[in-house]
Amino acid sequence: MGATGATGAAEADTTTDVLVVGAGPTGLALACDLRRRGVRCRLVERGTALFPGSRGKGLQPRSLEVLDDLGVLDAVRAAGGPYPPVLLWESGPGGAPLREFDMIEPLAPDPAVPYGGPWMLPQWRTQELLHERLGALGGGVDFRTGVDGLDQDADGVTVRLDDGSTVRASYVVGCDGGRSTVRRALGIPMHGETVDPAPIVVADVRIAGLGREHWHVWRDQHEDAPGFALCPLAGTDTFQLIAPNATLEPEETAAEPDGAAQPRGAAGGTEAERVADLLRTLLTTRTSLAADQLKEVVHASTFRAGAALAARFRSGRAFLAGDAAHIHSPAGGQGLNTSVQDAYNLGWKLGLVLRHGAHPALLDTYEAERAPLAADVLGLSTRLHRTRSTRRGAETHQLDIAYCDSPLSRHAPSAPPSEALPEDAPAPGDRAPDAPLRQAGTDAPVRLFELLRGPHATLLAVGDTPAPDGLPAWIRTHRVGTPAGPYAEALHLIRPDGHLALTTRDPADVLRYVDELHG
C-alpha cells in the first residue's frame, strides 16, 4: 500500500465498503467525507503521487463552505489568498501596461454568505491539504494502484487491480478523471463538444523581475482577449503561465477526452530543457519580458478545452464523479468546484445507506440532482470561454446551486404560508444560508453553519414550534429564538450537505420524511 489507512493491509486489500478510484480533489474530498462518517473506504490512485500542477486554482465561495464542513478551511485560508487585480499589457516585445481592473466582482458583506469571493489556492496544494485531512481521519491513498476492470452482482462489486489482485466493495466511485477507467469499464459514453480546437499551454513557472501584486495579462494582437497570462499563485513563489494557441508537443496530437496532453517538463534532462526553451520563446514573442527572466519550469502541460457529460452518473453499484462525469473548460473556475460538490452530495448518501440503514433508493438521487446541475455548469463555463469574458461575478460562485425538483425536497402542506416567510427564506432544495442565531434558553449567539458543521443532518426548531421525539442519531435538533434571519418560526430540516429538505410546522412531517428515507 501507499499511505496507509486505519484498517489492516490484508483487510484493505480484499474488502471495503466503498472503493474510491482516483486521488484528485474529488476522490480525496469523498474519502474524507466517508471516513468521518465511519464508512470503510479505500482510495486508489494509478499515479505515483498527487497531481503536481496548479490548474484548478480557484475555490468558489460554495466550495469554501464545503471545505469548512470537511475541516480543512483554516488550512486553506492560511495557504492561499485572494485574487489580485489584473494588469493588462500591450502584447509583444516592448508592450506597455494599459490598464488595471478587477476580474473578480466581490459580493457585498452578507451574513448569509460567510465567504464573499473565490480564494486562490493551486490545485496541488488543495490536494495536499485534503490528503493531510484524510490522514488525520485515519485514511490514506494507495498510489501506483490502478483499476483494470470490474464485475458487479446484487451484493457488491469485484474490482480487478492492475497488480493482479482484487477488491470486493459494496460500492465503487470513479473519480479518475476525463480518461476514467471506471467509466469505460461500465460502458458509459461521454457526449460533448470541443469548446476550442486550439491547444493551450498551462505551466507553473518561476519568473524573476515581475511584480506579484497583479495578474499580468497580455492582450492578443488581433482581438481584445488574453493572449498570454502570468498569474502569481497565492502562497507560493511561482506563477501560473497560460498561453492560448500554443503547444508543448513537437507535432500536433489528437486531443484526449479531457483535452489534456501528458505533462511535460516535470523531470530533468533534455525534454525539460526543450519545454523551457518553448516557454521562453512564448514569453519573448508575446510579452515584454526577457527570456532569462524565466528561471524554472516546475510543471507544464498542453490541453484543449472541451465540454462533455457522461450519459449516466451511475450504473448499478458504481458511480461517476468529477471529471469522470463531466469535463469543463477552465473558464470561470467551475470544474474542480463542481467536482468537489459531487463528492459532497454522494458522501452523505452513501454514509446514510451503509451506516444508518437508509433505503438504497436514496442513492438514485445522486444522479437526479447532480447531472442537471453539471449540464448547467458546463453551459456556463463554455459560454465564458467562447465570449472570452474577463469578468467573474456571482454566477460563478455556485451559491445558487439548488435541488428544488429533487425527490428529497418536500413542500409540506403544513409549511408556513408565504406571507409568514421572511423575504429571503430558502425553499426546499435551496442551499441553507448562514445566519446569526440565538440559542433558546441561553440566548447565546451562534452561527447556523456552526450547528451544521459535521456529518449529521440538522433540525432547526425556530421559536416555540414543537420538535418531534424519536429522531435517529444522525439528526441533531437545535432550538433557536426568533427572529432567526431567513428562517421562519417553524421546523427546518437541513440535509448533511447543507441543503434545505423540508420546512413545516407539523412535527409529524419530519418523522414521515425520515421514515421514507429508511424505506
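Look a little higher up for the structure.
Caption draft 1: Just the sheet that holds strand β25 (residues 491-494), in detail. Within the open sheet, the four strands sit side by side as β24-β23-β25-β26. Their pairing is mixed. The sheet is open, and its two borders are formed by β24 (475-480) and β26 (500-504), each paired with just one other strand. Between one strand axis and the next, the sheet turns through 15° on average, direction left out of account. Two strands pair when backbone bridges link them, and strand β23 (residues 457-462) and β24 are joined in this way by six bridges, in the parallel orientation. Paired with Leu459 across the bridge in β24 is Thr477. Against the sheet, helix α11 (residues 507-517) makes contact with β23, β24, β25 and β26, and its axis sits at roughly 150° relative to β26, the strand it touches most.

Caption draft 2: Main features of the packing of helix α2 (residues 25-36) against helix α8 (residues 335-356). At a closest axis distance of 8 Å, the pairing of α2 and α8 adopts a crossing angle of 25°. Judged on the interaxial angle alone, α8 and α2 are roughly parallel. Crossing angle aside, the handedness with which α2 passes α8 is right-handed. Judged by residue contacts, Pro25, Thr26, Ala29, Leu30, Asp33, Leu34 and Arg36 of α2 engage Leu336, Ser339, Val340, Ala343, Tyr344, Gly347, Trp348 and Leu350 from α8. For the contact of α2 with α8, the per-class residue count stands at ten nonpolar, three polar and two charged.

Caption draft 3: Just the pairing of β23, in detail. Counted residue by residue, β23 has six buried out of six residues, so it is predominantly covered. Both β23 and β25 contribute to a ladder of four bridges, which runs antiparallel. Considered in β25, the bridge of Leu460 is made with His492.

Caption draft 4: Up close: the sheet that holds strand β20 (residues 326-327). Spatial strand order, β11-β17-β20: three strands in an open sheet with antiparallel pairing. Each edge of the open sheet is held by one strand with a lone partner, namely β11 (190-194) and β20. Relative to strand β17 (residues 306-310), β11 is paired through five bridges, and the arrangement is antiparallel. Looking at β17, one finds that Gly192 is bridged to Ala308.

Caption draft 5: Looking closely at unusual backbone geometry. Residue Pro483 is reached from Thr482 by a cis peptide bond, and omega for that bond is -5°. For Pro483, the position within the fold is in the loop between β24 and β25. The phi dihedral of Asn245 falls on the positive side, at around 55°, and the residue is not glycine. Taking the relative accessible area as the measure of exposure, Asn245 reaches 47% and is therefore partly exposed. Located in the positive-phi region is Asp443, a residue other than glycine, with phi close to 60°. Note on placement: Asp443 falls in the loop between β21 (436-438) and β22 (445-447).

Caption draft 6: Structural detail: the environment of Pro455. Relative to the assigned elements, Pro455 resides in the loop between α10 (448-452) and β23. Separated by 104 residues in the primary sequence, Pro455 and Gly351 place their C-alpha atoms 8.9 Å from one another.

Caption draft 7: How the structure looks around α8. Under the 1.5 Å per step criterion, the end-to-end length of α8 is 31 Å for 22 residues, consistent within 8% with the ideal 32 Å. Of all the 22 residues making up α8, 19 are buried; the element is thus mostly covered by neighbouring parts of the structure.

Caption draft 8: The arrangement of the nonpolar core in detail. Counting residues in each nonpolar core, the largest one holds 86 residues, and the members touching the most others are Val18, Val76, Val173 and Leu350. Examining the composition of this core, we find that nine residues originate from one element, α8, more than from any other. Residue contacts for Leu350: discarding those within four places in its chain leaves Val18, Leu34, Tyr171, Val173, Phe319 and Leu363. Listed in part, the 24 residues of the second largest apolar core include Leu87, Ala243, Leu248 and Leu279.

Caption draft 9: The environment of Val297, seen in detail. Looking at the secondary structure, you find Val297 in strand β16 (residues 294-303). For Val297, a relative accessible area of 15% gives the class buried. Sequence-wise, Val297 and Asp204 are 93 residues apart; in three dimensions their C-alpha atoms are separated by 6.2 Å.

Caption draft 10: Region of the structure containing the side chain of Lys349. Relative to the assigned elements, Lys349 resides in helix α8. Using a relative accessible area of 0% as the deciding quantity, one classes Lys349 as buried. A distance of 2.8 Å separates the side chain of Lys349 from the side chain of Glu369, its partner in a polar contact. Setting aside residues up to four positions removed in sequence, Lys349 forms contacts with Leu362, Leu363, Thr365, Tyr366, Glu369, Leu408 and Arg495.

What counts, and where the lines are drawn
- Residues numbered from 1 in each chain as written.
- Predicted model: local features only at pLDDT ≥ 70, side-chain atom pairs only at ≥ 80, totals over all residues.
- Heavy atoms only, no water.
- Pairing = 2+ DSSP bridges.
- Helix = DSSP H or I, 4+ residues; strand = E, 2+ residues; numbered from the N terminus.
- Axes fitted to C-alpha atoms, helices over the stretch in contact; angles between N-to-C directions.
- Contact = heavy atoms within 4.5 Å.
- Parallel < 35°, antiparallel > 145°, perpendicular 65-115°, else oblique.
- Left-handed = near helix turned anticlockwise from the far one by under 90°.
- Nonpolar A, V, L, I, M, F, W, Y, C, P; charged D, E, K, R; others polar.
- Buried < 20%, exposed > 50% of the residue type's maximum accessible area, 1.4 Å probe, protein only.
- Expected span 1.5 Å × (residues − 1).
- Core = buried A, V, L, I, M, F, W, Y, C linked by side-chain atoms within 4.5 Å.
- Polar contact = N/O pair within 3.5 Å; in protein donor to acceptor, adjacent residues only side chain to side chain.

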